[in-house]
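Fold and contact review
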Amino acid sequence: MTQKIGFIGLGNMGGPMAANLVKAGHQVRVFDLQQSAMDSLAALGAIKAESAREAAQQADVLISMLPAGKHVQSLYLGDNGLFETLSAQTLVIDCSTIDAETAQRVGQQLAQKGIAFIDAPVSGGTAGAEAGTLTFIVGGEQDAFELAQPILQCMGKNTFHAGGHGAGQIAKICNNMLLSVLMAGTAEALQMGIDNGLDPKVLSDIMLQSSGRNWTLELYNPCPDVMPNVPSSKGYQGGFMVDLMKKDLGLAMDTANKSQSTTPMGALAQSLFKLHSLQGNGQLDFSSIFKLYSTHQD
């Protein structure tokens, strides 16, 4: 069934997600601070909005994909936010990766007006966004989760209901903290093999059939020219930026502090990605952490 969808935030992830909604036949009204991002979507058949408020007006579903919690807070609850203008009939889906407290606050405030809200951060990177194969990790009421299914399925292939408001965010940052540890460890092991004369492709194949097997080895090898069509073989361009991983690790450590969780590996990964960013690599894909270990070979 065709629905009127407002989409706010057309960055590396939001742009292709909105494009898949257009391709699915929905009427999509888009807004972004970058005019060029809106122009690209308009070329596919989306409608350009003059403001976030206009994108939200008369929408059956409103989706936001923004950089940080402060932007989500401002969009919905700020002085000129959408809280006062959203219809109780609008389903609100925030796909940003933010702190759980902001997701809970927005969800609770919107609930006071009878507006269904889910936090639905995504996993799968820009390739998944473009292919429509993202995983959505959802926090919110069961009814809202079920209501969102037809829309989420236009943009992804897996959806999980993690719990109440904010649970999607907690699950997402747990996943990304583990991913950062796996990527840093895989890069470290591959470089040690190279330092000792091994072919990284051969070593990768060995570890893929051994107990060191993991997602980064299987689908996202960090060593250049070992695997085609991944950022490491394209100058670490595209994919998931180091600075975004650094942001997610900051969220993870904040969450760990609040729950008094013991996360020594997460803390070390945060230090490594901070250092890597400070060395000028913040805009590269996070698999470029491999360079941190291989610089002595340059």
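From a predicted model like this one, the values you see are computed outputs, not experimental measurements.

Basis of the calculations
Residues numbered from 1 in each chain as written. Predicted model: local features only at pLDDT ≥ 70, side-chain atom pairs only at ≥ 80, totals over all residues. Heavy atoms only, no water. Helix = DSSP H or I, 4+ residues; strand = E, 2+ residues; numbered from the N terminus. Rg over C-alpha atoms; globule rule 2.2 N^0.38 Å. Buried < 20%, exposed > 50% of the residue type's maximum accessible area, 1.4 Å probe, protein only. Contact = heavy atoms within 4.5 Å. Phe/Tyr/Trp six-rings, centres within 6.5 Å; stacked < 30°, edge-to-face > 60°. Salt bridge = Lys/Arg side-chain N within 4 Å of Asp/Glu carboxyl O. Expected span 1.5 Å × (residues − 1). Axes fitted to C-alpha atoms, helices over the stretch in contact; angles between N-to-C directions. Left-handed = near helix turned anticlockwise from the far one by under 90°. Core = buried A, V, L, I, M, F, W, Y, C linked by side-chain atoms within 4.5 Å. Pairing = 2+ DSSP bridges. Right-handed = clockwise from strand over helix to strand, strands pointing away.

1. A closer look at the overall build of the protein chain
Along its length, the protein chain carries 13 helices and nine strands. The C-alpha radius of gyration of the protein chain comes to 20 Å, within 12% of the 19 Å expected for a compact globule of 298 residues. In terms of overall dimensions, the protein chain has a C-alpha envelope of 65 × 45 × 35 Å along the principal axes. For the protein chain, the proportion of its 298 residues judged to be buried stands at 52%. For the protein chain, long-range pairs separated by at least 24 residues make up 62% of all intrachain contacts whose partners lie at least 6 apart in sequence.

2. Remarks on the environment of Asn257
As for its position among the elements, Asn257 is in helix H11 (residues 242-259). Residue class for Asn257 comes out exposed when judged on its relative accessible area of 60%. Spatially, the C-alpha atom of Asn257 lies 21 Å from that of Gly163, the residues being 94 residues apart in sequence.

3. Looking at the packing of aromatic side chains
All chains considered together, the criterion is met by four aromatic pairs. Here Trp215 and Tyr220 contribute two aromatic rings whose centre-to-centre distance is 5.3 Å and whose plane-to-plane angle is 20 degrees, an arrangement assigned as stacked. We classify Trp215 as partly exposed; its relative accessible area is 40%. A residue is classified by how much of its surface remains accessible, and Tyr220, at 13% relative accessible area, is buried. An angle of 75 degrees between the planes, with centres 5.9 Å apart, marks the rings of Phe240 and Phe286 as edge-to-face.

4. Some details on the pattern of salt bridges
Per the stated rule, a full pass over the model turns up seven salt bridges. Measuring nitrogen to oxygen at the nearest pair gives 2.8 Å for the salt bridge that ties Lys48 to Asp39. Using a relative accessible area of 36% as the deciding quantity, one classes Lys48 as partly exposed. Between Lys247 and Asp248 there is a salt bridge whose closest N-O contact spans 4.0 Å. The exposure class assigned to Asp248 is buried, which follows from its relative accessible area of 4%.

5. Some words on H11
Along its 18 residues, H11 runs 26 Å from first to last C-alpha, staying within 8% of the 26 Å computed at 1.5 Å per residue. Burial in H11 covers these residues: Val242, Met245, Asp248, Leu249, Gly250, Leu251, Ala252, Met253 and Ala256. Contact partners of the buried residues in H11: helix H8 (167-195) and helix H12 (264-281). Count one or two residues on from H11 and you reach Gln260, which has phi positive near 55 degrees.

6. Regarding the packing of H8 against H11
Put simply, H8 and H11 touch, their axes get as near as 9 Å, and they point 115 degrees apart. Taken as a pair, H8 and H11 cross one another with a handedness that is left-handed. Between H8 and H11, the residues in contact are Ile170, Lys172, Ile173, Asn176, Met177, Leu179 and Ser180 and Met245, Asp248, Leu249, Leu251, Ala252, Met253 and Thr255, respectively.

7. Some words on the nonpolar core
Within the largest apolar cluster, 55 residues are counted, with the highest numbers of intra-cluster contacts made by Phe7, Met17, Ile63, Ile93 and Phe136. Core analysis: the next-biggest nonpolar cluster, separate from the first, contains 31 residues, Phe240, Leu249, Phe286 and Tyr293 among them.

8. What about the pairing of strand S4 (residues 61-64)?
Covered by surrounding structure in S4 are Val61 and Ile63 together with Leu62 and Ser64, the residues of both alternating faces. Bridge count for strand S1 (residues 4-8) against S4 is four bridges, and the pairing is parallel. Looking across to S4, one finds that Ile5 is bridged to Val61. Bridging between S4 and strand S5 (residues 91-94) involves four bridges; their strand directions are parallel. Paired with Leu62 across the bridge in S5 is Val92. Taken together, S4, helix H4 (residues 69-77) and S5 form a β-α-β motif whose crossover is right-handed.

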